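One-letter residues, chain by chain:
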Amino acid sequence: MKDLTVYHKMTASTSELIKTVNTEIGFKCCTPFAVRAIEALNDLGIKTESEAKKAANVFLDNLQTLFQGGITSEDYDKIDFVKRGKVLTVSARVQALIRAFRKKGYMLIDTIIPVPEGDDVYFEENYKDGVGIIYLVKDKRINTDREITAERLVGNYFNKFICRLELREVSTGRTIMTVSEMSNQEVMFAQAASDNGIFLSEWKEVTDKNGNIVYKDKANTQPKKYKVIYDGSKGTDVKYNTDAMWVKWTSEMVKKTVMRRALKNIKETIPELASTIMAFDTEFIPSEPTENNDNNVIEVDGVNNFDIDLNNLTEEQQQDVQDCYEIYCQNPENAKLDAERCKKLYEEGVPINQIINENYAELVNLAKSKNTYPLVENILKGVPYEKNED
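Note that the structure is a prediction, hence the values are computed from the model and not measured. (Residues numbered from 1 in each chain as written. Predicted model: local features only at pLDDT ≥ 70, side-chain atom pairs only at ≥ 80, totals over all residues. Heavy atoms only, no water.)

1. Considerations on unusual backbone geometry
If you check the backbone angles, Asn-156 has positive phi at about 55 degrees while not being a glycine. The exposure class assigned to Asn-156 is partly exposed, which follows from its relative accessible area of 46%. (Buried < 20%, exposed > 50% of the residue type's maximum accessible area, 1.4 Å probe, protein only.)

Dropping the structure here:
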């Protein structure tokens, strides 16, 4: 096995996968997890050494982040392997997060309510002696049908999704409540940032006015490409990606997306849970149309239709920026950690628009500090990352 690549070792047998994972990232994984993982890795259809190297790195990076956060291979029934091109990303479900919290001595109770257009449902803030601030549901519903489907998201059936998280420390009984909400448009934006979103998409070659392919290199071997999403915009037809998680498990994906926003408050309040929340929140999702070209900067048209403009934020986005600013004032170390996290995403090849879309509140504040600005400067300027390898 010495001459085999890491990828080929992991796909040789379940015992080799377990051994290789332990050697590479220092964690052991159970047999049921290994069985599922080896099947998913083999399904990638890897043909070149470059593809094998990238697939192994992405898989192990994802796995390490999950394991460090307390989401282990024993949670294999609550972990998804998502094929994205020639790589496999590892994604934890909400139930895996709840399990990891329990292992660290915390009980998490989530209440997520989809609010159809025309309904009046909200969380009212109250004070309870001995506990502090609590949030009670005020439900003046008109429409009782709240089933979440992809078609309803696309058709703006819902106005918003509200979330209340109640976190209880088992040893002390201390309870923390936090609430958050996301509009239907923001949820649609989140799904559009994923290669596994609601709509079908494809990469097409760029052509000039005469119909000739436009190349990005002088040897005319690397055609420029752009991404078309069939979401009804820019003259496209609406085509659903029926095999995508956002279509097959729409409710679960919406719940996960809404919880991620609410968890930001808990991450700052209880630092010992930060690694677990990061494991739930972070998915390394490389997006590229070419097969043997890891360093290409792809010219993209229509990657998503909801990109955030840092110079033209909505009122809700501006409030997110203010909330983030207050957190940094309370604990300046958080600013440095967020800057380093964004820089890490950038250097891992995560698309710049995706980094901005998911971290706009942090980036606006980080840009104002001479200490953190250098870490995120290239992201803010839109400078493509180029990896230098000796």
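2. Here we look at the sheet that holds strand S3 (residues 106-116)
The 3 strands lie next to each other as S3-S6-S7, forming an open sheet whose pairing is antiparallel. The open sheet terminates on both sides in strands that have one partner only, identified here as S3 and strand S7 (175-183). Each strand of the sheet is rotated relative to its neighbour by a mean of 15 degrees, with strand direction disregarded. Here 9 bridges tie strand S6 (residues 158-169) to S7, and the two strands are oriented antiparallel to one another. Bridging across to S7, Leu-165 finds its partner in Thr-178. Most of the contacts of helix H5 (residues 94-103) go to S3, to which it runs at about 150 degrees, and overall it touches S3 and S6. (Pairing = 2+ DSSP bridges. Helix = DSSP H or I, 4+ residues; strand = E, 2+ residues; numbered from the N terminus. Axes fitted to C-alpha atoms, helices over the stretch in contact; angles between N-to-C directions. Contact = heavy atoms within 4.5 Å.)

3. Some thoughts on the packing of aromatic side chains
The geometry of an aromatic ring pair comes down to the distance between the two centres and the angle between the two planes. One pass over the full model with this rule turns up 7 aromatic pairs. Relative to Phe-81, the ring of Phe-33 lies with its centre 5.4 Å away and its plane at 55 degrees, an arrangement referred to as tilted. Taken as a pair, Phe-33 in helix H3 (residues 31-42) and Phe-81 in strand S1 (residues 79-84) lie far apart in primary sequence, 48 residues in all. Taking relative accessible area as the criterion, Phe-33 reaches 1% and is therefore assigned buried. A connected cluster of aromatic rings, assembled from ring pairs, spans Phe-27, Phe-33, Phe-59, Phe-67 and Phe-81. Positioned over the ring face of Tyr-157 is Arg-152, at 4.0 Å from the centre of the ring. The ring of Phe-280 carries the charged tip of Arg-260 above its face, separated from the ring centre by 5.8 Å. (Phe/Tyr/Trp six-rings, centres within 6.5 Å; stacked < 30°, edge-to-face > 60°. Lys NZ or Arg CZ within 6 Å of the ring centre and 35° of its normal.)

4. What to know about the pattern of salt bridges
A side chain of one charge can pair with a side chain of the opposite charge if their charged atoms are brought near each other. Enumeration over the complete set of coordinates arrives at 18 salt bridges. Two residues, Asp-139 and Arg-141, come together in a salt bridge whose shortest N-O distance is 2.8 Å. A salt bridge links Arg-174 to Glu-169; its shortest N-O distance comes to 3.2 Å. The class for Glu-169 is buried, based on a relative accessible area of 16%. Taken together, the salt bridges that share partners define one network made up of Asp-75, Asp-77, Arg-99 and Lys-103. (Salt bridge = Lys/Arg side-chain N within 4 Å of Asp/Glu carboxyl O.)

5. So, helix H13 (residues 352-366)
With 15 residues, H13 extends just 16 Å between its outermost C-alpha atoms, more than 12% less than the 21 Å of an ideal straight helix rising 1.5 Å per residue. Asn-359 marks where H13 bends most, by close to 90 degrees. With 13 of its 15 residues buried, H13 lies for the most part within the structure. (Expected span 1.5 Å × (residues − 1). Bend = angle between axes of the 7 residues up to and from the residue.)

6. A few points about the pairing of strand S9 (residues 225-229)
Within S9, 4 of the 5 residues are buried, which leaves the element mostly enclosed by the surrounding structure. The pairing of strand S8 (residues 201-205) with S9 spans 5 bridges and is classified as antiparallel. Residue pairing across strands places Trp-203 opposite Lys-227, the latter belonging to S9.

7. Things to note about the packing of helix H12 (residues 333-347) against helix H14 (residues 373-381)
Two quantities define a packed helix pair, namely the angle between the helix axes and the distance between the axes. Two numbers describe how H12 lies on H14: the axes approach to 9 Å, and their chain directions differ by 45 degrees. Classified by the interaxial angle, the pair formed by H12 and H14 is oblique. You can see that H12 and H14 cross each other, and the crossing is left-handed. On H14, the residues touching Ala-339, Glu-340, Cys-342, Lys-343 and Tyr-346 of H12 are Leu-375, Val-376, Asn-378 and Ile-379. Residues belonging to the contact of H12 with H14 are distributed by class as follows: 6 nonpolar, 1 polar and 2 charged. (Parallel < 35°, antiparallel > 145°, perpendicular 65-115°, else oblique. Left-handed = near helix turned anticlockwise from the far one by under 90°. Nonpolar A, V, L, I, M, F, W, Y, C, P; charged D, E, K, R; others polar.)

In short, the description is geometric, and any link to function would need to be established separately.
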